[in-house]
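Chain by chain, the residues:
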Amino acid sequence: MNETLTFYYLYPDGSFGERKVTGVDHVHHPDGVVLLTQEEYAQKLADFEAQLEAEDAAAREAEQAQKRADYEALLALGVPAETASRMSGYVPPAEDEPPADGDD
C-alpha cells in the first residue's frame, strides 16, 4: 500500500496542521487532536493568513506614525526638514514639507 493520506488537525492549543502519511495500514493520530476536513483546514489557514496580514499592516502603520511624530518633533526643534526626514526615516508627502527659504 503506497497510497498517501493527508490528515488535517486542530491541536488542543488551538494550532493546526497538515500531516501526510504514506504506506501504512493504520494511522495513529496525536492525542487530543480534532480531525478537520480539507475545507475546514483551508478556511483556518486563510483566516490565519488574513490575521497575519492585518497585524503586519497595523505594525507598519504604527511605525509610520512614530516616524512622523519623530519628524514633527525634530521640525519643532528647528531641524531642517531634509535633515529631520533623514533622521526620522519619515518621508512626508510634498504638500507636508515646509517651503524652502525664499519660496513664496
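Above this text is the structure in question.
This report concerns the structure included in the present document. (Residues numbered from 1 in each chain as written. Predicted model: local features only at pLDDT ≥ 70, side-chain atom pairs only at ≥ 80, totals over all residues. Heavy atoms only, no water.)

1. Comments concerning the packing of aromatic side chains
- Under the counting rule described, the total for this entry stands at six aromatic pairs.
- When the ring of Phe16 is compared with that of Phe48, the centres are 6.1 Å apart and the planes differ by 85°; the resulting orientation is edge-to-face. One end of the pair, Phe16, is in strand β2 (residues 16-22); the other, Phe48, is in helix α1 (residues 38-76), and 32 residues separate them in sequence.
- Between Tyr71 and Tyr90, the ring centres sit 5.1 Å apart and the planes meet at 50°, which makes this aromatic pair tilted. Remark: Tyr90 occurs in the segment after α2 (81-88) and Tyr71 occurs in helix α1; sequence separation between them is 19 residues.
- Judged by relative accessible area, which is 3%, Tyr71 ranks as buried.
- A connected cluster of aromatic rings, assembled from ring pairs, spans Tyr8, Phe16, Tyr41 and Phe48. (Phe/Tyr/Trp six-rings, centres within 6.5 Å; stacked < 30°, edge-to-face > 60°. Helix = DSSP H or I, 4+ residues; strand = E, 2+ residues; numbered from the N terminus. Buried < 20%, exposed > 50% of the residue type's maximum accessible area, 1.4 Å probe, protein only.)

2. Some thoughts on the environment of Leu10
- Here Leu10 shows up in strand β1 (residues 4-10).
- Judged by its relative accessible area of 22%, Leu10 is partly exposed.
- The spacing of Leu10 and Gln64 is 54 residues in sequence and 36 Å in space, taken between C-alpha atoms.

3. Notes on the pairing of β2
- Pairing of β1 with β2, which is carried by seven bridges, proceeds in the antiparallel orientation. If you follow Phe7 over to β2, its bridge partner there is Arg19. (Pairing = 2+ DSSP bridges.)

4. Considering α1
- In a regular helix each residue adds 1.5 Å, so 39 residues correspond to 57 Å; α1 covers 57 Å between its end C-alpha atoms and thus fits that length.
- Turning to α1, its buried residues are Tyr41, Tyr71 and Leu74. (Expected span 1.5 Å × (residues − 1).)

5. Some thoughts on the packing of α1 against α2
- The geometry of α1 relative to α2 is characterised by a closest axis approach of 9 Å and an angle of 145° between their N-to-C directions. Crossing hand, α1 versus α2: right-handed. Of the residues in α2, those touching α1 at Lys67, Asp70, Tyr71, Leu74 and Leu75 are Ala81, Ala84, Ser85, Met87 and Ser88.
- Here the contact of α1 with α2 is composed, by residue class, of six nonpolar, two polar and two charged. (Axes fitted to C-alpha atoms, helices over the stretch in contact; angles between N-to-C directions. Left-handed = near helix turned anticlockwise from the far one by under 90°. Contact = heavy atoms within 4.5 Å. Nonpolar A, V, L, I, M, F, W, Y, C, P; charged D, E, K, R; others polar.)

6. Quick look at the side chain of Ser85
- Within the secondary structure, Ser85 sits in helix α2.
- The class for Ser85 is buried, based on a relative accessible area of 16%.
- One polar contact links the side chain of Ser85 to the main-chain carbonyl oxygen of Tyr90, over a distance of 2.5 Å.
- With residues near it in sequence (within four places) discarded, Ser85 still touches Tyr71, Tyr90, Val91 and Pro92. (Polar contact = N/O pair within 3.5 Å; in protein donor to acceptor, adjacent residues only side chain to side chain.)

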